[in-house]
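Reading the structure
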Amino acid sequence: MCCPRRNTEIYPYRMNVLVLGSGGREHALSWKISQSSLCEKLFIAPGNAGTSSVGQNVDISVNDFPTIKTFVLENDINMVVVGPEDPLVNGIYDFFQNDSALSDICLIGPSKEGAKLEGSKDYSKQFMMRHNIPTAAYGSFTAETLKEGCDFLETLNPPYVLKADGLAAGKGVLILDELETAKAELKAMLTEAKFGKASSTVVIEEFLDGIELSVFVLTDGKNYKVLPSAKDYKRIGEGDKGLNTGGMGAISPVPFADSIFMEKVENTIIKPTVFGLQEENIDYKGFIFIGLMNVGGEPFVIEYNVRMGDPETEVVIPRIKSDLLNLFRGIAMGTFGEQDFYVDEDVATTVMLVSGGYPESYEKGKEIVGLEEVENSLVFHAGTKEDNQKVLTNGGRVMALTSFGRTMEEALEKSFDNAKKIHFDGKYFRRDIGFDLKEEKV
Ligand code: AMP
Ligand code: GLY
């Protein structure tokens, strides 16, 4: 059994930590971990041009488990923190557990079974049903039950929500106004592999009309800490128009997630989720990211993710005052339930700079200048790389500018000011992050 165990030889006072991933999320996590007095050496695989300022990048892919093993053993790694969902869904936790050379090393992330909460929409809906967790009414269908799926659509009011069961790079959800289009898309997903194997099962859901937010939980599988709430802005265009992206900016906390709403979230969603994991003997030591819809003041789960969000991490983690590595160590040693947890009251905002053309095709390798001009914001790199002492773009989402303020407006002003000081060919950012949360609107 990996953790919990109170073995200070395995989790010594100062630990060597490996973070897996290469986005803004992993830069924010590494930035926070690097501030801990418990951190001896910090490695990030594969990392980006920003993570190398807080630790050492190592050129290993997050899904290359054998190479990760060799690195972990050769570098006396005490703790592995997994950023993205892919290695979790592929079973990295179980890979460590089932290898006697690795099983004492604490890996922050759920087991393969736990990761199904994100890896399969059908599995997560069944889990919510078993534990009475509020979510949209639904049905699951396969090619064999296409007719039943069409009949089910007829019982619903538009718009129609179709979801590929498996991971589809954030593209597997369709929201359609017309019944006939919904039936045609259902057929394409089930019988023409519209989203490949991911859509061999499709979840059809009742449409929830409300405003979205995300709540994050860190758990040892039994105890939990509720991390700050956040709202991200997924569309490329201002006013939430255009194609979906990984996320163009985020705000924390969410003004309408007040104590009354959060109490409902804790009692009707967080507690039954953690209790459900425990009851079903699902090993889960890591983050749960709960995508919620606030429907007239009542929270409903839209989805679970088994990791932190990106760019939500870039506002959530900087607001945490407690030592994150100490909390991870508490998870490993079985003391997590007794640990204190403090959050900064100020508002954090982040604005993402992206490459021209994103989320469709875009060019990489553009030189980024002006970073030294940034004042009063944290810069979390996402798609960047170093080349001959230059920083170049290396992805669609390039970097996130996180700022604090007593109000959202005050924080946003700093993020936007700094967004204008950084330059690269094709730079784009949304200038309306938080537009729907302005005081007169909530
Ligand atoms: P998901 O991948 O399940 O988070 O869905 C992607 C996006 O589709 C969500 O962020 C929501 O904006 C929207 N969505 C998903 N399910 C529903 C639903 N039942 N009702 C309304 N919108 C939904
Ligand atoms: N920003 C949404 C996500 O990380 O899934």
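Presented here is an overview of the structure given in this document. Worth saying up front: this structure is predicted, and the values here are computed from it rather than measured. (Residues numbered from 1 in each chain as written. Chains lettered and ligands numbered in written order. Predicted model: local features only at pLDDT ≥ 70, side-chain atom pairs only at ≥ 80, totals over all residues. Heavy atoms only, no water.)

Quick notes on the overall build of the protein chain
Counting its secondary structure elements, the protein chain contains 12 helices and 22 strands. Taking the principal axes of the C-alpha coordinates as reference, the protein chain spans close to 60 × 50 × 45 Å. Summed over its atoms, the accessible surface of the protein chain is roughly 18300 Å², and 46% of this surface lies on carbon and sulfur atoms. Within the protein chain, the 67 negative side-chain charges are centred at a point lying 1 Å from the centre of the 46 positive side-chain charges. (Helix = DSSP H or I, 4+ residues; strand = E, 2+ residues; numbered from the N terminus. Areas by Shrake-Rupley, 256 points an atom, 1.4 Å probe, with all protein chains shown as cover. Lys, Arg positive; Asp, Glu negative; His and termini not counted. Charge placed at Lys NZ, Arg CZ, Asp CG, Glu CD.)

Considering the pairing of strand 14 (residues 241-244)
The pairing of strand 13 (residues 235-237) with strand 14 spans 2 bridges and is antiparallel. Across the sheet, Arg235 pairs through a bridge with Asn244, a residue of strand 14. Hairpin remark: strand 13 followed by strand 14, antiparallel, with 3 residues in the connecting loop; positive phi at Gly239, about 75°. (Pairing = 2+ DSSP bridges.)

Things to note about the site of ligand 2
Surrounding ligand 2, one finds Asp232, Gly246, Phe289, Arg307, Gly309, Asp310, Pro311 and Glu312. Interatomic distance of 2.9 Å between a side-chain N/O atom of Glu312 and a nitrogen atom of ligand 2. The fraction of the free accessible surface of ligand 2 (200 Å²) that becomes covered by protein chains is 85%. For the shell around ligand 2, the class distribution of residues is 2 nonpolar, 2 polar and 4 charged. (Near = heavy atom within 4 Å. Polar contact = N/O pair within 3.5 Å; in protein donor to acceptor, adjacent residues only side chain to side chain. Nonpolar A, V, L, I, M, F, W, Y, C, P; charged D, E, K, R; others polar.)

Description of the pattern of salt bridges
Applying the stated criterion across every chain, the model contains 27 salt bridges. For Glu85, the salt bridge is made with Arg307, and the minimal N-O distance between the two is 2.9 Å. Of the two residues, Glu85 sits in helix 3 (residues 85-89) while Arg307 sits in the loop between strand 17 (298-305) and helix 10 (313-319), which places them 222 residues apart along the sequence. For Arg307, a relative accessible area of 13% translates into the label buried. (Salt bridge = Lys/Arg side-chain N within 4 Å of Asp/Glu carboxyl O. Buried < 20%, exposed > 50% of the residue type's maximum accessible area, 1.4 Å probe, protein only.)

Let's talk about the site of ligand 1
In the region of ligand 1, 15 residues are neighbours, and Lys163, Glu205, Leu208, Glu212 and Glu303 sit closest. Contact distances for ligand 1 include 3.0 Å between a nitrogen atom and a side-chain N or O atom of Lys163. Here ligand 1 loses 85% of its free accessible area of 470 Å² to cover by the protein chains. At the level of elements, strand 7 (160-164), strand 8 (173-176) and strand 17 are the ones that each hand at least two residues to the shell around ligand 1. Looking at the shell around ligand 1, its residues break down into 8 nonpolar, no polar and 7 charged.

Points about the side chain of Thr51
Take Thr51: it is sitting in the loop between strand 2 (39-46) and strand 3 (56-57). Reaching out from Thr51, the side chain makes a polar contact with the backbone nitrogen of Asn48 at a distance of 2.8 Å. In this structure, Thr51 is in contact with Glu26, His27, Ser30, Ile44 and Asn57, ignoring residues within four places of it in sequence. (Contact = heavy atoms within 4.5 Å.)

What to know about empty space enclosed by the protein
Summed over the entire model, instances satisfying the criterion amount to 1 cavity of 30 Å³ or more. By volume, the largest cavity amounts to about 60 Å³. Along its surface, the largest cavity is lined by Leu117, Glu118, Lys121, Ser124, Lys125, Met128, Lys163, Val203, Glu205, Ile302, Glu303 and Tyr304. Every element with two or more residues in the lining of the largest cavity is listed here: helix 5 (112-119), helix 6 (121-130), strand 9 (201-205) and strand 17. For the lining of the largest cavity, the leading source of residues is helix 6, giving 4 residues. Of the residues assigned to the lining of the largest cavity, the class counts are 5 nonpolar, 1 polar and 6 charged. (1 Å grid on protein atoms, 1.4 Å probe; cavity = no way out; pocket = protein on both sides within 12 Å on 5 of 7 lines; lining within 4 Å. Points joined across faces, edges and corners; volume = space filled by probe spheres on them.)

With respect to the packing of aromatic side chains
For the coordinates displayed, the defined rule picks out 12 aromatic pairs. Look at Phe256 and Phe261: their rings are 6.3 Å apart centre to centre, the planes differ by 80°, and that puts the pair in the edge-to-face class. The exposure class of Phe261 is buried, given its relative accessible area of 3%. When the ring of Tyr358 is compared with that of Tyr362, the centres are 6.2 Å apart and the planes differ by 65°; the resulting orientation is edge-to-face. For Tyr358, a relative accessible area of 14% puts it in the buried group. Ring pairing ties together the aromatic residues Phe65, Phe95 and Phe96, which thus form one cluster. In this structure, Lys231 is placed above the aromatic ring of Tyr233, and the distance from its NZ or CZ to the ring centre is 4.7 Å. (Phe/Tyr/Trp six-rings, centres within 6.5 Å; stacked < 30°, edge-to-face > 60°. Lys NZ or Arg CZ within 6 Å of the ring centre and 35° of its normal.)

Points about helix 7 (residues 146-155)
Within helix 7, burial applies to Leu146, Gly149, Cys150 and Leu153. Buried residues of helix 7 fall within an arc of 100° about the axis and therefore sit on the same side. Those residues of helix 7 that are exposed and angled more than 90 degrees off the buried face are Lys147 and Thr155. Looking at the buried residues of helix 7, the elements they touch are strand 6 (138-142), strand 7, helix 8 (179-191) and strand 9. (Arc of directions from axis to C-beta.)

Observations concerning unusual backbone geometry
With the exception of glycine, the majority of residues adopt a negative phi angle, and the majority of peptide bonds are in the trans configuration. Residues Ala45 and Pro46 are joined by a peptide bond in cis, for which omega reads -10°. With an omega of 10°, the peptide bond between Tyr358 and Pro359 qualifies as cis. Turning to its location among the elements, Pro359 is positioned in the loop between strand 18 (347-354) and strand 19 (378-381). Backbone geometry places Ala193, a non-glycine residue, at a positive phi of 50°. Along the chain, the position of Ala193 falls in the loop between helix 8 and strand 9. On the accessibility criterion, Ala193 (43% relative accessible area) is partly exposed.

The values are spatial; any link to function lies outside them.
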